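Understanding the architecture of this molecule
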Amino acid sequence: PPRSTLFPYTTLFRSKEFREYLRCGIMAHGFLRTQCQSCKHEHLVAFSCKRRGFCPSCCGRRMAESAIHLVDEVLPIKPVRQWVLSFPIQIRLLIAVRPKVMSEILSISTKTISKHLGKIAGIKRAKAGSVTLIQRFGGAINLNVHFHMLFLDGVYELDDDGRPGEFHITKAPTHKELAEVLSAIICKVTKLLEKRGLIQRDENDHLSLNLDEDDALAKLQAGAATYRFTIGPNKGKKALTLKSVDEDHTTRQGLVANNSGFSLHAGVAFTGTEREKIEKLCR
(Lines give C-alpha, C1' and ligand atoms only; values in the text may rest on other atoms or scores of the structure.)
Protein backbone atom coordinates (compact mmCIF):
# COMPACT_ATOMS: atom_id res chain seq x y z
CA PRO A 1 0.00 0.00 0.00
CA PRO A 2 1.04 3.67 -0.33
CA ARG A 3 3.01 5.18 2.54
CA SER A 4 -0.01 7.24 3.62
CA THR A 5 -2.00 4.06 4.29
CA LEU A 6 0.86 1.88 5.57
CA PHE A 7 0.35 2.34 9.30
CA PRO A 8 -3.47 1.79 9.34
CA TYR A 9 -2.93 -1.26 7.14
CA THR A 10 -0.18 -2.63 9.40
CA THR A 11 -2.27 -2.03 12.53
CA LEU A 12 -5.25 -3.84 11.00
CA PHE A 13 -3.08 -6.77 9.93
CA ARG A 14 -1.45 -7.13 13.35
CA SER A 15 -4.78 -6.80 15.17
CA LYS A 16 -6.30 -9.55 13.04
CA GLU A 17 -3.27 -11.80 13.56
CA PHE A 18 -3.31 -11.26 17.32
CA ARG A 19 -7.05 -11.98 17.58
CA GLU A 20 -6.62 -15.24 15.67
CA TYR A 21 -3.68 -16.19 17.89
CA LEU A 22 -5.94 -15.83 20.95
CA ARG A 23 -8.30 -18.43 19.39
CA CYS A 24 -5.50 -20.88 18.50
CA GLY A 25 -5.89 -24.34 20.02
CA ILE A 26 -9.22 -23.59 21.77
CA MET A 27 -11.76 -26.26 20.88
CA ALA A 28 -14.69 -23.88 21.29
CA HIS A 29 -13.50 -22.28 18.05
CA GLY A 30 -13.39 -25.52 16.09
CA PHE A 31 -11.67 -28.90 16.07
CA LEU A 32 -11.22 -32.15 14.17
CA ARG A 33 -12.15 -35.58 15.50
CA THR A 34 -9.63 -38.22 14.44
CA GLN A 35 -9.91 -41.96 14.86
CA CYS A 36 -7.36 -44.76 14.67
CA GLN A 37 -8.40 -47.25 12.00
CA SER A 38 -7.13 -50.26 13.98
CA CYS A 39 -8.07 -49.64 17.62
CA LYS A 40 -10.83 -47.06 16.98
CA HIS A 41 -9.37 -44.71 19.59
CA GLU A 42 -10.56 -41.15 19.06
CA HIS A 43 -8.67 -37.91 19.57
CA LEU A 44 -9.77 -34.28 19.24
CA VAL A 45 -7.42 -31.83 17.53
CA ALA A 46 -8.20 -28.12 17.92
CA PHE A 47 -7.81 -25.78 14.95
CA SER A 48 -4.61 -23.72 14.92
CA CYS A 49 -4.24 -20.12 13.77
CA LYS A 50 -1.28 -20.90 11.44
CA ARG A 51 0.06 -17.37 11.99
CA ARG A 52 3.69 -16.29 12.00
CA GLY A 53 3.88 -13.27 14.25
CA PHE A 54 2.67 -14.12 17.75
CA CYS A 55 1.87 -17.82 18.07
CA PRO A 56 4.76 -19.87 19.50
CA SER A 57 2.90 -23.13 18.86
CA CYS A 58 2.38 -22.56 15.13
CA CYS A 59 5.86 -21.07 14.68
CA GLY A 60 7.39 -24.03 16.52
CA ARG A 61 5.47 -26.54 14.42
CA ARG A 62 6.50 -24.79 11.20
CA MET A 63 10.11 -24.74 12.41
CA ALA A 64 10.10 -28.48 13.13
CA GLU A 65 8.38 -29.36 9.84
CA SER A 66 10.85 -27.26 7.84
CA ALA A 67 13.84 -28.85 9.58
CA ILE A 68 12.53 -32.38 8.93
CA HIS A 69 11.90 -31.52 5.27
CA LEU A 70 15.44 -30.20 4.84
CA VAL A 71 17.04 -33.26 6.43
CA ASP A 72 14.82 -35.85 4.73
CA GLU A 73 14.26 -34.32 1.30
CA VAL A 74 16.83 -31.59 0.58
CA LEU A 75 20.23 -32.06 2.24
CA PRO A 76 22.18 -35.09 0.92
CA ILE A 77 24.20 -37.39 3.16
CA LYS A 78 27.19 -35.07 3.03
CA PRO A 79 29.01 -32.99 5.68
CA VAL A 80 27.34 -29.66 6.45
CA ARG A 81 28.83 -26.42 7.79
CA GLN A 82 26.98 -23.33 9.00
CA TRP A 83 28.24 -19.94 7.84
CA VAL A 84 26.73 -16.97 9.71
CA LEU A 85 27.15 -13.53 8.16
CA SER A 86 26.19 -10.46 10.18
CA PHE A 87 26.40 -6.79 9.24
CA PRO A 88 27.11 -3.37 10.73
CA ILE A 89 24.04 -1.63 12.15
CA GLN A 90 23.77 0.73 9.17
CA ILE A 91 23.76 -2.16 6.68
CA ARG A 92 21.25 -4.09 8.80
CA LEU A 93 18.89 -1.15 8.56
CA LEU A 94 19.49 -0.71 4.84
CA ILE A 95 18.72 -4.30 3.87
CA ALA A 96 15.70 -4.35 6.18
CA VAL A 97 14.29 -1.32 4.35
CA ARG A 98 15.19 -2.62 0.87
CA PRO A 99 14.46 -6.37 0.47
CA LYS A 100 15.67 -6.46 -3.16
CA VAL A 101 19.09 -5.20 -2.06
CA MET A 102 19.09 -7.87 0.66
CA SER A 103 18.55 -10.54 -2.01
CA GLU A 104 21.46 -9.19 -4.04
CA ILE A 105 23.72 -9.19 -0.98
CA LEU A 106 22.70 -12.76 -0.21
CA SER A 107 23.56 -13.75 -3.78
CA ILE A 108 26.98 -12.11 -3.42
CA SER A 109 27.59 -13.94 -0.14
CA THR A 110 26.65 -17.42 -1.39
CA LYS A 111 28.60 -17.01 -4.64
CA THR A 112 31.71 -15.83 -2.78
CA ILE A 113 31.62 -18.74 -0.34
CA SER A 114 30.91 -21.20 -3.18
CA LYS A 115 33.89 -19.86 -5.11
CA HIS A 116 36.08 -20.30 -2.04
CA LEU A 117 34.97 -23.92 -1.60
CA GLY A 118 35.74 -24.71 -5.23
CA LYS A 119 39.14 -23.05 -4.93
CA ILE A 120 40.27 -24.99 -1.85
CA ALA A 121 38.92 -28.22 -3.40
CA GLY A 122 41.09 -27.54 -6.45
CA ILE A 123 38.14 -28.00 -8.83
CA LYS A 124 37.72 -25.56 -11.72
CA ARG A 125 34.19 -26.60 -12.67
CA ALA A 126 32.55 -27.00 -9.28
CA LYS A 127 29.08 -26.58 -7.80
CA ALA A 128 28.36 -25.97 -4.14
CA GLY A 129 25.03 -26.41 -2.35
CA SER A 130 23.46 -24.23 0.32
CA VAL A 131 20.24 -23.33 2.13
CA THR A 132 19.89 -19.92 3.80
CA LEU A 133 17.64 -18.68 6.58
CA ILE A 134 17.38 -14.90 6.68
CA GLN A 135 16.92 -14.07 10.35
CA ARG A 136 15.61 -10.58 11.04
CA PHE A 137 16.04 -10.28 14.80
CA GLY A 138 18.70 -10.40 17.48
CA GLY A 139 18.79 -11.72 21.02
CA ALA A 140 16.63 -8.88 22.36
CA ILE A 141 14.11 -9.11 19.45
CA ASN A 142 15.82 -6.05 17.99
CA LEU A 143 16.12 -5.53 14.24
CA ASN A 144 19.22 -7.41 13.15
CA VAL A 145 19.07 -8.89 9.66
CA HIS A 146 21.72 -11.57 9.22
CA PHE A 147 22.20 -14.77 7.21
CA HIS A 148 22.40 -18.34 8.52
CA MET A 149 23.75 -20.33 5.57
CA LEU A 150 24.00 -24.12 5.61
CA PHE A 151 26.62 -25.14 3.04
CA LEU A 152 27.63 -28.63 2.06
CA ASP A 153 31.22 -28.92 3.30
CA GLY A 154 32.51 -29.62 -0.17
CA VAL A 155 31.67 -29.26 -3.86
CA TYR A 156 30.41 -31.40 -6.74
CA GLU A 157 32.66 -31.64 -9.77
CA LEU A 158 30.71 -30.83 -12.93
CA ASP A 159 31.05 -32.89 -16.10
CA ASP A 160 31.21 -31.52 -19.64
CA ASP A 161 27.41 -31.19 -19.72
CA GLY A 162 27.34 -29.24 -16.45
CA ARG A 163 25.89 -32.09 -14.41
CA PRO A 164 27.20 -32.76 -10.88
CA GLY A 165 29.35 -35.82 -10.47
CA GLU A 166 31.92 -36.73 -7.81
CA PHE A 167 31.66 -34.91 -4.47
CA HIS A 168 34.90 -33.51 -3.05
CA ILE A 169 34.98 -32.84 0.70
CA THR A 170 36.75 -29.65 1.75
CA LYS A 171 38.61 -28.91 4.95
CA ALA A 172 37.44 -26.32 7.44
CA PRO A 173 38.61 -22.83 6.45
CA THR A 174 41.53 -21.35 8.31
CA HIS A 175 41.22 -17.98 10.04
CA LYS A 176 43.18 -16.44 7.18
CA GLU A 177 40.90 -17.95 4.55
CA LEU A 178 37.82 -16.87 6.48
CA ALA A 179 39.13 -13.31 6.65
CA GLU A 180 39.79 -13.34 2.89
CA VAL A 181 36.24 -14.55 2.17
CA LEU A 182 34.79 -11.83 4.40
CA SER A 183 36.96 -9.15 2.78
CA ALA A 184 35.76 -10.24 -0.67
CA ILE A 185 32.13 -10.07 0.48
CA ILE A 186 32.62 -6.60 1.98
CA CYS A 187 34.29 -5.30 -1.18
CA LYS A 188 31.52 -6.59 -3.46
CA VAL A 189 28.72 -5.42 -1.15
CA THR A 190 30.26 -1.95 -0.88
CA LYS A 191 30.56 -1.65 -4.66
CA LEU A 192 26.93 -2.75 -5.06
CA LEU A 193 25.62 -0.20 -2.56
CA GLU A 194 27.70 2.60 -4.05
CA LYS A 195 26.45 1.70 -7.53
CA ARG A 196 22.85 1.82 -6.27
CA GLY A 197 23.51 5.20 -4.64
CA LEU A 198 22.58 3.85 -1.21
CA ILE A 199 25.88 4.73 0.44
CA GLN A 200 28.15 7.68 -0.20
CA ARG A 201 31.90 8.02 0.18
CA ASP A 202 33.15 11.33 1.56
CA GLU A 203 36.50 13.06 1.00
CA ASN A 204 38.06 11.06 3.86
CA ASP A 205 36.97 7.79 2.21
CA HIS A 206 34.32 7.22 4.90
CA LEU A 207 31.00 5.66 3.92
CA SER A 208 27.61 7.00 5.01
CA LEU A 209 24.10 5.64 4.57
CA ASN A 210 21.74 7.45 2.21
CA LEU A 211 18.09 6.90 3.25
CA ASP A 212 14.96 8.96 2.84
CA GLU A 213 14.59 11.13 5.96
CA ASP A 214 10.81 11.33 5.44
CA ASP A 215 10.40 7.53 5.56
CA ALA A 216 8.54 6.99 8.84
CA LEU A 217 8.86 3.20 8.68
CA ALA A 218 12.63 3.46 8.20
CA LYS A 219 12.82 5.63 11.34
CA LEU A 220 11.00 2.96 13.33
CA GLN A 221 13.32 0.29 11.93
CA ALA A 222 16.34 2.44 12.79
CA GLY A 223 15.17 2.61 16.39
CA ALA A 224 14.67 -1.17 16.45
CA ALA A 225 18.20 -1.67 15.13
CA THR A 226 19.84 0.60 17.72
CA TYR A 227 17.68 -0.20 20.78
CA ARG A 228 16.20 3.31 20.86
CA PHE A 229 12.62 4.47 21.35
CA THR A 230 11.25 6.29 18.30
CA ILE A 231 7.83 7.30 19.66
CA GLY A 232 6.26 8.08 23.02
CA PRO A 233 7.57 9.94 26.07
CA ASN A 234 10.98 8.18 25.90
CA LYS A 235 11.59 9.09 22.25
CA GLY A 236 15.31 9.14 21.47
CA LYS A 237 16.31 7.33 24.66
CA LYS A 238 18.11 3.99 24.61
CA ALA A 239 16.24 0.96 25.91
CA LEU A 240 17.69 -1.02 28.81
CA THR A 241 19.24 -4.24 27.44
CA LEU A 242 21.14 -7.17 28.85
CA LYS A 243 23.34 -7.46 25.76
CA SER A 244 25.20 -4.70 23.98
CA VAL A 245 24.43 -3.88 20.35
CA ASP A 246 28.03 -4.54 19.29
CA GLU A 247 27.98 -8.11 20.62
CA ASP A 248 24.58 -9.14 19.30
CA HIS A 249 24.98 -12.20 17.02
CA THR A 250 28.73 -11.68 16.79
CA THR A 251 31.62 -13.39 18.50
CA ARG A 252 35.37 -13.10 18.58
CA GLN A 253 36.04 -16.67 19.67
CA GLY A 254 36.43 -19.76 17.52
CA LEU A 255 36.45 -19.86 13.74
CA VAL A 256 35.31 -16.31 13.05
CA ALA A 257 36.46 -13.24 11.11
CA ASN A 258 35.51 -9.64 11.95
CA ASN A 259 36.05 -6.64 9.71
CA SER A 260 34.50 -3.14 9.75
CA GLY A 261 31.45 -4.27 11.68
CA PHE A 262 30.91 -7.36 9.49
CA SER A 263 31.26 -10.81 11.01
CA LEU A 264 31.58 -14.25 9.38
CA HIS A 265 31.43 -17.35 11.56
CA ALA A 266 32.00 -20.88 10.27
CA GLY A 267 32.75 -22.91 13.39
CA VAL A 268 29.74 -25.24 13.42
CA ALA A 269 29.94 -28.37 11.24
CA PHE A 270 28.64 -31.94 11.23
CA THR A 271 29.32 -35.06 9.21
CA GLY A 272 26.67 -36.26 6.78
CA THR A 273 25.60 -39.13 9.03
CA GLU A 274 24.86 -36.91 12.04
CA ARG A 275 21.29 -36.31 10.85
CA GLU A 276 19.81 -35.57 14.27
CA LYS A 277 22.41 -32.87 14.90
CA ILE A 278 21.86 -31.41 11.44
CA GLU A 279 18.10 -31.36 12.04
CA LYS A 280 18.64 -29.53 15.32
CA LEU A 281 20.87 -27.04 13.52
CA CYS A 282 18.15 -26.52 10.88
CA ARG A 283 15.60 -25.82 13.62
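Calculation rules
Residues numbered from 1 in each chain as written. Predicted model: local features only at pLDDT ≥ 70, side-chain atom pairs only at ≥ 80, totals over all residues. Heavy atoms only, no water. Pairing = 2+ DSSP bridges. Helix = DSSP H or I, 4+ residues; strand = E, 2+ residues; numbered from the N terminus. Expected span 1.5 Å × (residues − 1). Buried < 20%, exposed > 50% of the residue type's maximum accessible area, 1.4 Å probe, protein only. Arc of directions from axis to C-beta. Salt bridge = Lys/Arg side-chain N within 4 Å of Asp/Glu carboxyl O. Patch = residues over 30% accessible without salt bridge, like charges linked within 9 Å, V, L, I, M, F, W, Y side chains within 5 Å. Areas by Shrake-Rupley, 256 points an atom, 1.4 Å probe, with all protein chains shown as cover. Contact = heavy atoms within 4.5 Å. Axes fitted to C-alpha atoms, helices over the stretch in contact; angles between N-to-C directions. Nonpolar A, V, L, I, M, F, W, Y, C, P; charged D, E, K, R; others polar.

Points about the pairing of strand S1 (residues 31–35)
The pairing of S1 with strand S2 (residues 42–46) spans 5 bridges and is classified as antiparallel. Note on S2: the bridge partner recorded for Gln-35 is Glu-42. Between S1 and the antiparallel strand that follows it, S2, lie 6 residues; Lys-40 among them carries a positive phi value of about 65 degrees.

A few points about helix H5 (residues 175–195)
Here H5 contains 21 residues, and its C-alpha end-to-end distance of 30 Å stays within 8% of the 30 Å for a straight helix at 1.5 Å per residue. Within the span of H5, buried status applies to Leu-178, Val-181, Leu-182, Ile-185, Ile-186, Val-189, Thr-190, Leu-192 and Leu-193. The buried residues of H5 occupy one face: seen down the axis, they fall within an arc of 165 degrees. Facing away from the buried side of H5, by more than 90 degrees, are the exposed residues Lys-176, Lys-191 and Lys-195. A positive backbone phi angle near 75 degrees is found at Gly-197, which sits one or two residues after H5.

As for the pattern of salt bridges
A complete count under the given rule lists 7 salt bridges for this structure. The partner of Glu-20 in a salt bridge is Arg-51, and the shortest N-O contact between them spans 2.9 Å. Linking Glu-20 in helix H1 (residues 3–23) with Arg-51 in the loop between S2 and helix H2 (56–74), this pair joins segments that are 31 residues apart in sequence. Judged by its relative accessible area of 22%, Arg-51 is partly exposed. Ionic pairing is found between Arg-163 and Asp-159, a salt bridge with its closest N-O pair at 3.4 Å. For Asp-159, a relative accessible area of 29% corresponds to the partly exposed category.

Describing a nonpolar patch on the surface
Taken together, the side chains of Phe-18, Leu-22 and Phe-54 make up a nonpolar region of the molecular surface, amounting to roughly 270 Å² of accessible area. Mapped onto the fold, Phe-18 is located in helix H1.

Focus on the environment of Pro-79
Looking at the element boundaries, Pro-79 is found in the loop between H2 and strand S3 (80–86). Remark: the alpha-carbon pair of Pro-79 and Thr-273, spanning 194 residues in sequence, is separated by 7.8 Å. With near-sequence residues (within four places) excluded, Pro-79 lies in contact with Phe-151, Leu-152, Asp-153, Phe-167, Ile-169, Phe-270, Thr-271 and Gly-272.

Some words on the packing of helix H3 (residues 89–97) against helix H4 (residues 99–121)
Orientation of H3 relative to H4, taken along the N-to-C sense of each, is 115 degrees, at an axis distance of 5 Å. From H3, Ile-95, Ala-96 and Val-97 reach across to H4, where they touch Pro-99, Val-101, Met-102 and Ile-105. Grouping the amino acids of the contact of H3 with H4 by side-chain chemistry returns 7 nonpolar, no polar and no charged.

Digging into unusual backbone geometry
In this structure, Lys-40 is a non-glycine residue whose phi angle is positive, near 65 degrees. Summarising the element assignment, Lys-40 is placed in the loop between S1 and S2.

As for the pairing of strand S8 (residues 164–169)
Here strand S7 (residues 154–158) pairs with S8 via 4 bridges, running antiparallel. Note on S8: the bridge partner recorded for Tyr-156 is Phe-167. Taking the residues between adjacent antiparallel strands as the criterion, S7 and S8 are bridged by 5 residues, where Gly-162 takes a positive phi near 80 degrees.

What to know about the sheet that holds strand S5 (residues 130–137)
Strand order in this open sheet of 5 strands is S5-S6-S3-S12-S11, and the pairing throughout is antiparallel. Each having just a single partner strand, S5 and strand S11 (256–259) make up the two edges of the open sheet. Sheet twist, expressed as the mean angle between neighbouring strand axes with direction ignored, is 15 degrees. Judged from the 7 bridges that link them, S5 and strand S6 (residues 143–152) form a sheet pairing that is antiparallel. Bridged to Ile-134 within S6 is Phe-147. This element, H3, spans S5, S6 and strand S12 (262–270) of the sheet and lies at about 85 degrees to S6. Contacts from H5 reach S3, S11 and S12, with the element oriented near 40 degrees to S11.

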